[in-house]
Structure formats: C-alpha cells, structure tokens
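# Topology and contacts: notes
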Amino acid sequence: MTELERLGRVDPPAPGVLDAAREVLWSAVAAEMLATAPPDAAHQTGEPAARRNDEETARQPRREDPGAK
Amino acid sequence: METDGVLIERSARGRPDAFVEVVRRHEVAVHAFLARRAGRQAADDLLGEVWVRAFGGRAGFDTGHDDARPWLYGIARNVLRAHWRAARPAGQAAIAEAVDPWDDVIDRLDSAAAARTRELACAVQKLPPEEREVLLLVAWEQLTPAQAALVLGIPPGTARSRLHRARAALRPVLAREGT
C-alpha cells in the first residue's frame, strides 16, 4: 500500500494555520469558562453585579479623608 | 501520558481548557485529513470549525476510547460534507460522493505524476465510495479497520469486509506496480 499512501501525501500546514484554528477554539473555551464561573453573591440574587456594587457603596458611611484635617 | 478520553472527560467536568491538549495532539493529522480530501486552502479554512464542533459535542465522546482521532475524523467528515453542500449547486453531488470527491484528488495530482500513480488513482476511483472511504481511512489516516468503522458509524465487520473488497480490487494494479 506504499503507493497508495504516497497518493495521500500532503504538505504540513503553513505556519500560523494551526494557531489560528486553535484561537477559534479558545473563543469557545473562554465563553464556556465564563458561563460556568462560580457565581458570586450578586449572581445568586440575580442582581446585576455593577448595580449592586453601586448601591453598597452608597450605603456605606463616608469616611473622612485623613489628609483633610 | 493521559489518554484523550481522560482529557475530554475532564474538559466536560469543569475544565474546558483541557480540550486544547487533545487538539494539540491531533491538529496536524486532522488538517491532513481535510487537505487530502478538499485541498489545502479548504483545510486551512475548516480546521477551526472542526475544533468548535468537537468541543461543543464532547459530551457525546465515549471516554472509554483512548484515541480521539476516529471521533475527530467523523466530525471533520461532517464539516467537509457541509462545506461541499454549500459549495455545490443542489443536486449536483450525491451525499455519498460528497464525502469522498475522488475527482478532486485526481485533479490535485501533479501533472508529472508517474503513470503508475495515475493508474492506481484511476483504480481507486473505480471503487464504490463506501469501500474507498474505508480503504483511505486505513491507508491514509493509519487507522485500524475498527477505528475506520467508528468514523463511518458502521459495524467493524462491515468495515473489514469493505476493506477486503477494496484491496482485492486493487491487487492487480498493485501487483503490476510491484508494491
């Protein structure tokens, strides 16, 4: 079957081709990792994290700037 | 070294990045699989699609298999089929032909290819597509008949008998060539 194998011989991919294909995969991997990341407290309540953080900041008493005295 | 099955199982259980190692192991082989059947440019274009489909479907991989190549070739075959369906007008190519366009392979042969190479290519062309597929998976991708059966979704015994018929049909040509 040597001759038959020769018939199917192809050149290796050009530099960068394999990296480019892996980049496509990494996008899918990253998307899944983000989607399955451990939920924080905000996600547990279903509340948008940014809004919750803003509200918590607003509820905290303001500390005086030590340098202001 | 961990098997492909272990890595794919891990990737399905909270470590999706483990799948990248499987890709690194087989990316040259899968690119060659695509290039042999559709040419180098198409292989370059379609490789990423194979990885995304494989990653998305990894839950369906039988992790009892150490070697993921038959599974990956099966996915690559489906990607090729979709590629050809999109590229050719409806009805021009039957599905069976669309997974193994031998005319394209012959077109890619160097015009200076030895006469005996052309003779062998013509003999392969005359094989029924389902026999040719098994033969090429074994001869080109170095799979066992059982692995070729996995790629094609057929029983191992069917793959073995198709391979036997294909080899028997080619034997006169190969004997003349002294290979």
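An account of the accompanying structure is given in this report. (Residues numbered from 1 in each chain as written. Chains lettered and ligands numbered in written order. Predicted model: local features only at pLDDT ≥ 70, side-chain atom pairs only at ≥ 80, totals over all residues.)

### Some details on the packing of helix α3 (residues 40–56) of chain B against helix α4 (residues 69–87) of chain B
All names here are of chain B. Closest axis-to-axis distance for the α3/α4 pair is 9 Å, and the angle between their directions is 125°. Relative to α4, the element α3 is oriented oblique. Judged by the sense of rotation from one axis to the other, the crossing of α3 with α4 is right-handed. Packed against α3, whose contacting residues are A42, L46, E49, V50, R53 and A54, the element α4 presents L72, I75, A76, V79 and H83 at the interface. For the contact of α3 with α4, the residue count by class is eight nonpolar, one polar and two charged. (Axes fitted to C-alpha atoms, helices over the stretch in contact; angles between N-to-C directions. Helix = DSSP H or I, 4+ residues; strand = E, 2+ residues; numbered from the N terminus. Parallel < 35°, antiparallel > 145°, perpendicular 65-115°, else oblique. Left-handed = near helix turned anticlockwise from the far one by under 90°. Contact = placed C-beta atoms within 7 Å. Nonpolar A, V, L, I, M, F, W, Y, C, P; charged D, E, K, R; others polar.)

### Comments concerning unusual backbone geometry
Residue and element names in this part refer to chain B. Phi at Q142 is positive, roughly 60°, even though this residue is not glycine. Within the secondary structure layout, Q142 lies in the loop between α8 (129–139) and α9 (145–152). Note on Q142: 11 C-beta atoms within 10 Å, which makes it exposed. (Buried ≥ 20, exposed ≤ 12 C-beta atoms within 10 Å, placed from the backbone.)

### Considering the nonpolar core
Generally speaking, nonpolar side chains in soluble globular proteins are found buried as a group. All names here are of chain B. In terms of nonpolar packing, the biggest core is built from 53 residues, with L34, V50, L72, A76 and A148 touching the most fellow members. Considering every element that reaches this core, the biggest residue donor is helix α2 (residues 19–38), with nine residues. Residue-level mapping places this core at the junction of two domains, with at least three residues from each of domain 1 (1–95) and domain 2 (100–179). Residues contacting L72, with those up to four places away along its chain left out, are H26, V30, V50 and A54. (Core = buried A, V, L, I, M, F, W, Y, C linked by C-beta atoms within 7 Å. Domains from an automatic or database assignment.)

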